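# Coordinates in review
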Amino acid sequence: MKIKVGFSYDVHQLAPGREFWLGGIKIDHDKGPVANSDGDVLIHALCDAILGAANMRDIGYHFPETSAEFKGIDSKIMLQRTVDMVRKQKRFQISNIDTTVCLEKPKIKDYIPKMQAVLSEVMQIDLEDISIKATTTEKLGFVGEEKGLAVYATVLLIRE
């Protein structure tokens, strides 16, 4: 059995009047991530962690922001393509993921079960294998000042 661990960190600036997508769902908020895609920083961190574990470079390599093909793309499509690449090219399966979302607002605890359900469907893994946690930075730094949000993601891949 081959086991590989991937880790990632992603950040997006927040701006007024933009849609707020996180974990594959739209959340009502007065600010949203600034990005070429839908700006789902949780999914972007997951893609990078999965690609990193498989030694397949990073999200920018596979989905360059300079390409018109990916302008405004639903990040769930990028996640599905990432999972498919890792399964087909490297024959790895996702064992589990663990994520931490850092943001002051909105509070996301009530949205986590829906995020887990969406991600489970996209990645075709059990709900029990998807951990999403949230924390603030106690009003410190760009997250604490509500100028942005950050996500840490860890993934375990296995090949039997």
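Refer to the preceding data block for the structure.
This structure is a prediction, so every number in the text was calculated from the model and none was measured.

Definitions and cut-offs
- Residues numbered from 1 in each chain as written.
- Predicted model: local features only at pLDDT ≥ 70, side-chain atom pairs only at ≥ 80, totals over all residues.
- Heavy atoms only, no water.
- Patch = residues over 30% accessible without salt bridge, like charges linked within 9 Å, V, L, I, M, F, W, Y side chains within 5 Å.
- Areas by Shrake-Rupley, 256 points an atom, 1.4 Å probe, with all protein chains shown as cover.
- Salt bridge = Lys/Arg side-chain N within 4 Å of Asp/Glu carboxyl O.
- Helix = DSSP H or I, 4+ residues; strand = E, 2+ residues; numbered from the N terminus.
- Buried < 20%, exposed > 50% of the residue type's maximum accessible area, 1.4 Å probe, protein only.
- 1 Å grid on protein atoms, 1.4 Å probe; cavity = no way out; pocket = protein on both sides within 12 Å on 5 of 7 lines; lining within 4 Å.
- Points joined across faces, edges and corners; volume = space filled by probe spheres on them.
- Nonpolar A, V, L, I, M, F, W, Y, C, P; charged D, E, K, R; others polar.
- Pairing = 2+ DSSP bridges.
- Right-handed = clockwise from strand over helix to strand, strands pointing away.
- Axes fitted to C-alpha atoms, helices over the stretch in contact; angles between N-to-C directions.
- Parallel < 35°, antiparallel > 145°, perpendicular 65-115°, else oblique.
- Contact = heavy atoms within 4.5 Å.

### Quick notes on a nonpolar patch on the surface
Taken together, the side chains of Phe7, Tyr9, Val11, Phe142 and Tyr152 make up a nonpolar region of the molecular surface, amounting to roughly 470 Å² of accessible area. Looking at which element gives the most residues to the nonpolar patch, the answer is strand E1 (residues 2–16), with three residues. For Val11, the location among the structural elements is in strand E1. The class for Val11 is partly exposed, based on a relative accessible area of 32%.

### Concerning the pattern of salt bridges
Applying the stated criterion across every chain, the model contains seven salt bridges. Between Arg81 and Glu69 there is a salt bridge; the shortest N-O distance is 3.5 Å. Here Arg81 is found in helix H3 (residues 75–90), whereas its partner Glu69 is found in the loop between helix H2 (59–62) and H3, with 12 residues between them in sequence. Residue Glu104 is joined to Lys139 by a salt bridge in which the shortest nitrogen-to-oxygen separation is 3.9 Å. Linking Glu104 in the loop between strand E5 (93–102) and helix H4 (112–123) with Lys139 in the loop between strand E6 (130–135) and helix H5 (141–144), this pair joins segments that are 35 residues apart in sequence.

### Details of the layout of surface pockets
If you add up the space inside the largest pocket, you get close to 260 Å³. Together, 14 residues line the largest pocket, and Ser37, His44, Ile59, Phe63 and Glu65 are the ones closest to its centre. Those elements that provide at least two residues to the lining of the largest pocket are E1, helix H1 (41–53) and H2. Looking at the lining of the largest pocket residue by residue, the classes come out as six nonpolar, five polar and three charged.

### Thoughts on unusual backbone geometry
Cis geometry marks the peptide bond from Lys105 to Pro106; its omega dihedral reads 0°. For Pro106, the location among the structural elements is in the loop between E5 and H4. In the Ramachandran plot, Asn55 falls in the positive-phi region, its phi being about 55° despite a non-glycine side chain. With respect to the helices, strands and loops of the structure, Asn55 is situated in the loop between H1 and H2. Located in the positive-phi region is Glu146, a residue other than glycine, with phi close to 60°.

### With respect to the pairing of E6
In this sheet, E6 lies alongside E5 in parallel orientation, the contact comprising six bridges. Bridged to Thr100 within E6 is Lys133. The β-α-β motif built from E5, the intervening H4 and the parallel element E6 has right-handed crossover chirality.

### Considerations on the packing of H1 against H3
Running from amino to carboxyl end, H1 crosses H3 at an angle of 10°, the nearest separation of the two axes being 9 Å. For the element pair H1 / H3, the angle class is roughly parallel. Facing Ile43, His44, Leu46, Cys47, Ile50 and Leu51 of H1, the residues of H3 in contact are Ser75, Lys76, Met78, Leu79, Thr82, Val83, Met85 and Val86.

### Thoughts on the sheet that holds strand E4 (residues 31–33)
Hydrogen bonds between backbone atoms are what pair the strands of a sheet, whose relative direction is either parallel or antiparallel. Taken in spatial order, the five strands make up an open sheet running E4-E1-E7-E5-E6, and their pairing is mixed. Looking at which strands have only one partner, the edges of the open sheet turn out to be E4 and E6. In this sheet, neighbouring strand axes are inclined to one another by 20° on average, regardless of whether the strands run parallel or antiparallel. Lying over the sheet, H1 contacts E1, E5, E6 and strand E7 (148–159), oriented at roughly 155° with respect to E1. Here H4 sits on the sheet and contacts E5 and E6; the angle it forms with E6, its principal contact strand, is near 145°.

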